Amino acid sequence: MSEQNEISRIEAAREKFRAALAEVRTSSEFQELRNSWLGRKSGRIAEYTSLLKTAAPELKKELGRAINELRSIVETAIAEREKEFGASARPKNAVDITLPGRAPQLGHRHPLSLVRDEVMEIFTRLGYQVLEGPEIEDDYHNFEALNMPGDHPARDMHDTLYLETPIAPAKAGALQPSRPLTLLRTHTSAMQIRHMENNPPPVRLVAIGPVYRKDDLDLTHTPMFHQVEGLVVGTGITLADLKGTVSAMARELFGSAEVRFRPSFFPYTEPSAEVDIRCFKCAGAGCALCKKSGWIEILGSGMVHPAVFEAVGYNPDEVTGFAFGMGVERVAQLKWGVGDIRLFYENDLRFLEQFGI
Ligand code: DAH
């Protein structure tokens, strides 16, 4: 085939191209056409261009012109049609209304929030006020005013976390703070003092929030956990009021009305009692949950010690009161049979998804 022939073949290719372009209907046909003409390696134009390498020198010029003309015709026509396809094609971010809808993923309430809210609800219904207070506390409110002065041995039970930077010295109650140390509160009982030193009796409060202790992580311990503190002060408040209140709460939280009071010791109450509920799993027969005793301990409580009233400027001859403290994690563990306390903090959705919305 002579090169002259090649030139006329290339010129004829314009018509072929126009005819082929006129046939194109879909965007994939269009892509195919584009590739077969403009494809870098095996497109027709590339093929023609490769002829230039071997063409006779006197024809190179004309061959090159014919190829360039063809290329520009093809490129222009393709660019034009491309616009058309672009305009009629589905816009990039179009919504396909035939697809099934995506169900929104609903979050779940954290089990500890559920317990906190349930406790708050129970006590607001009973006319209590709900308080929160500082997690960074001073020695005075956490210990001293709660009848645990200086080297009181009960402090050892708390494994306190102290802070190096002191906060402003505590506002003195009737007692003078002897140790203006700063610490992370080890119990919510500190809120008893904070409230009473600023408010006259009567008192009916619950305080809920995080507390801290120097504990290692294990199945039942974390260095941070949550407590609910209850305090009622007024004239003629008795142990019977404590018992009635704690039973009512236990009934609502666990559905178990039977409670038992065991003598105990807390420096800020006298008498003091630990409260157990009848094991709701075995109904008292004895099982793994209640360690075969038939009873489950849920809180510490007692009648407010006169020394505490004196510290906040209340007259122990005029008022009496009761107080109790309960672990929120413990309630949640019991309610839902959560064996490992660490699950509350690991943010594992497989665990969290099991709780209410
Ligand atoms: N503060 C105690 C604790 O952390 C719980 C407690 C016991 C609170 C007896 C009280 C109480 O108010 O009267 O274990």
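Procedures and definitions
Residues numbered from 1 in each chain as written. Predicted model: local features only at pLDDT ≥ 70, side-chain atom pairs only at ≥ 80, totals over all residues. Heavy atoms only, no water. Axes fitted to C-alpha atoms, helices over the stretch in contact; angles between N-to-C directions. Helix = DSSP H or I, 4+ residues; strand = E, 2+ residues; numbered from the N terminus. Parallel < 35°, antiparallel > 145°, perpendicular 65-115°, else oblique. Contact = heavy atoms within 4.5 Å. Nonpolar A, V, L, I, M, F, W, Y, C, P; charged D, E, K, R; others polar. Phe/Tyr/Trp six-rings, centres within 6.5 Å; stacked < 30°, edge-to-face > 60°. Buried < 20%, exposed > 50% of the residue type's maximum accessible area, 1.4 Å probe, protein only. Pairing = 2+ DSSP bridges.

### Some thoughts on the packing of helix 5 (residues 111-125) against helix 10 (residues 328-336)
Two elements in contact, helix 5 and helix 10, have axes separated by 9 Å at closest approach and are oriented at 105°. Looking at the two axes, helix 5 sits roughly perpendicular to helix 10. Two secondary-structure elements touch here, helix 5 through Pro 111, Leu 112, Leu 114, Val 115 and Glu 118 and helix 10 through Val 328, Glu 329, Val 331, Ala 332, Lys 335 and Trp 336. Of the residues assigned to the contact of helix 5 with helix 10, the class counts are eight nonpolar, no polar and three charged.

### Details of the packing of aromatic side chains
Within the structure shown, the criterion is met by nine aromatic pairs. On the numbers, 5.2 Å between centres and 70° between planes, the contact of Phe 17 with Trp 37 is edge-to-face. Here Phe 17 is found in helix 1 (residues 3-23), whereas its partner Trp 37 is found in helix 2 (residues 27-38), with 20 residues between them in sequence. Classification of Phe 17 by relative accessible area gives buried; the value is 1%. Accessibility expressed as a relative area gives 2% for Trp 37, which makes it buried. In this structure an aromatic cluster arises from ring pairing among Trp 336, Phe 344, Phe 351 and Phe 355.

### Topic: the sheet that holds strand 1 (residues 129-131)
Spatial strand order, 1-4-5-9-8-7-6: seven strands in an open sheet with mixed pairing. Because the sheet does not close on itself, it has two edges, and the strands there are strand 1 and strand 6 (259-266). The sheet shows a mean angle of 25° between the axes of neighbouring strands, taken without regard to direction. When strand 4 (residues 203-212) meets strand 5 (residues 224-234), the two strands line up antiparallel, connected through 10 bridges.

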